[in-house]
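Commentary on secondary and tertiary structure
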Amino acid sequence: MRVMSLDQCADQYVLALRPDVELALSPRADDPDAWLREAASGHRRVRPTLETAVGFQPDVVVRYWGGEPRLLVRLQQAGVMVATIEDATDFAGIRTNIRSVADALGVPARGEALIARMDARLANPRPAEARPGALYLTAGGFTAGPSTLIDAILNAGGYRNLADRPYFSPVSVERVALFPPVLFVLGFFDQVRGDWRGPGRHPVVRNASEGRVAASLPSATLTCPAWFAADAAAILRDARP
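So, here is what we can say about the structure in this document. Since we're looking at a predicted model, the values are computed, not measured.

1. A short note on the overall build of the protein chain
A count of helical and extended segments in the protein chain gives nine helices and eleven strands. In terms of overall size, the protein chain behaves like a compact globule, its C-alpha atoms giving a radius of gyration of 19 Å where 241 residues would be expected to give roughly 18 Å. Seen through its C-alpha atoms, the protein chain measures out along the principal axes to roughly 60 × 40 × 30 Å. When the 241 residues of the protein chain are sorted by exposure, 50% land in the buried category. Across the protein chain, contacts joining residues at least 24 apart in sequence account for 63% of those joining residues at least 6 apart. As presented, the protein chain carries roughly 11,600 Å² of accessible surface, and 53% of it is formed by carbon and sulfur atoms. Put simply, the protein chain has 27 plus and 26 minus side-chain charges, and the middle of one group is 3 Å from the middle of the other.

Laid out in structure tokens, this is it:
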């Protein structure tokens, strides 16, 4: 079997589920924010283009957001199986993604093993009435409210999300300075070159968050709707007061 991955998120799925076949991974497979970056060593990295696909002749293509339109059209015309990882706003959606990709790759049992690993990391949740409030904040100055996977991670990690607006929204530096939340959960701050002048790194925000950071989540746990989102929740659970 030949499997082609069109983006970094898809790389994680194929590396976890089918490391035993011939893989063509995306150029970002070993980036610092890739969960299985070390496992990418030894596998070819290619640009996700039509020309590459014609040369590689994949049996299955896995994608999250990657792939130029003409490539996707040609794959469809050629009858190549394309497994698409859907956006997920909760862990049920991640389970669906894992099963869908595992079935496309012919390894449903490996998919169930990944789900079991994820569910084990989600075990022993904190009772709702004992959850402290926390505000998620990225280096770029954004937070995440209901209808996001971040919200599901916060809840699974034992925190009540203080962002009440759905989806993603900017955080006002002035509001943080005047009304700092009890706790912060930081995301993507380990990417030193990412948003290094972003509002989340503003000195005012840094001062307001001093002594109030519940945890700083590794970017590798946040870049993809995959099983390792449970690892972010476990980090929060283990760090909770």
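2. Comments concerning the pattern of salt bridges
Taken as a whole and judged by the stated rule, the model has 14 salt bridges. Residues Asp-119 and Arg-95 are paired through a salt bridge, measuring 2.8 Å at the closest nitrogen-oxygen approach. Of this pair, Asp-119 sits in helix 5 (residues 108–121) while Arg-95 sits in helix 4 (residues 91–104); the two residues are 24 residues apart in sequence, bridging distant segments of the chain. What makes Asp-119 partly exposed here is its relative accessible area of 30%.

3. A few points about the nonpolar core
Counting residues in hydrophobic clusters, the biggest one holds 55 residues, and the most contacted among them are Tyr-13, Val-62, Phe-91, Leu-105 and Ile-153. If we skip the residues at most four places from it in the chain, Ile-153 touches Phe-91, Leu-222, Ala-229, Ala-232, Ala-233 and Leu-236. Counting twelve residues, the second largest nonpolar core, distinct from the first, contains Leu-135, Ala-163, Leu-186 and Ala-208.

4. Focus: the sheet that holds strand 8 (residues 160–161)
The strand order across the open sheet formed by four strands is 8-6-10-11, and the pairing between neighbours is parallel. The outermost strands of the open sheet, each flanked by one partner alone, are strand 8 and strand 11 (213–217). Strand direction decides the pairing type here: strand 6 (residues 133–138) and strand 10 (residues 184–187), joined by four bridges, are parallel. Among the inter-strand pairings, Leu-135 is bridged to a residue of strand 10, identified as Phe-184. Lying on the sheet, helix 9 (residues 229–239) is in contact with strand 10 and strand 11; it crosses strand 11 at an angle near 155°.

5. Topic: the state of the cysteines
This structure, assessed with the given rule, holds one disulfide. Residue Cys-9 pairs covalently with Cys-224 via a disulfide, S to S 1.9 Å. Its torsion about the S-S bond being 50°, the disulfide of Cys-9 and Cys-224 is classed as right-handed. Of this pair, Cys-9 sits in helix 1 (residues 8–17) while Cys-224 sits in the loop between strand 11 and helix 9, and the two are 215 residues apart along the sequence. Each member of the pair, Cys-9 as well as Cys-224, is classed as buried.

6. A word on helix 1
In an α-helix, one turn spans 3.6 residues; hence positions three or four apart end up facing the same way. Burial of helix 1 is extensive: nine of the ten residues sit out of reach of the surface. Within the sequence span of helix 1, burial applies to Gln-8, Cys-9, Ala-10, Asp-11, Gln-12, Tyr-13, Val-14, Leu-15 and Leu-17. Among the structural elements, strand 1 (2–5), strand 2 (22–25), strand 4 (60–63), helix 4 and helix 5 are those in contact with the buried residues of helix 1. At the N-terminal end of helix 1, a side-chain oxygen is found 3.3 Å from the backbone nitrogen of Cys-9, two or three residues along, and the residue is Asp-7.

7. Here's the deal with the packing of helix 6 (residues 149–156) against helix 9
Running from N to C, helix 6 and helix 9 point in directions that differ by 40°, and their axes come no closer than 8 Å. When the axes of helix 6 and helix 9 are compared, the pair comes out oblique. For the crossing formed where helix 6 meets helix 9, the hand is right-handed. Residue-level contacts link Leu-149, Ile-153, Leu-154 and Ala-156 of helix 6 to Ala-229, Ala-232, Ala-233 and Leu-236 of helix 9.

Reading the values: the criteria
Residues numbered from 1 in each chain as written. Predicted model: local features only at pLDDT ≥ 70, side-chain atom pairs only at ≥ 80, totals over all residues. Heavy atoms only, no water. Helix = DSSP H or I, 4+ residues; strand = E, 2+ residues; numbered from the N terminus. Rg over C-alpha atoms; globule rule 2.2 N^0.38 Å. Buried < 20%, exposed > 50% of the residue type's maximum accessible area, 1.4 Å probe, protein only. Contact = heavy atoms within 4.5 Å. Areas by Shrake-Rupley, 256 points an atom, 1.4 Å probe, with all protein chains shown as cover. Lys, Arg positive; Asp, Glu negative; His and termini not counted. Charge placed at Lys NZ, Arg CZ, Asp CG, Glu CD. Salt bridge = Lys/Arg side-chain N within 4 Å of Asp/Glu carboxyl O. Core = buried A, V, L, I, M, F, W, Y, C linked by side-chain atoms within 4.5 Å. Pairing = 2+ DSSP bridges. Axes fitted to C-alpha atoms, helices over the stretch in contact; angles between N-to-C directions. Disulfide = S-S within 2.5 Å. Polar contact = N/O pair within 3.5 Å; in protein donor to acceptor, adjacent residues only side chain to side chain. Parallel < 35°, antiparallel > 145°, perpendicular 65-115°, else oblique. Left-handed = near helix turned anticlockwise from the far one by under 90°.

Nothing here speaks to function; it is all geometry.
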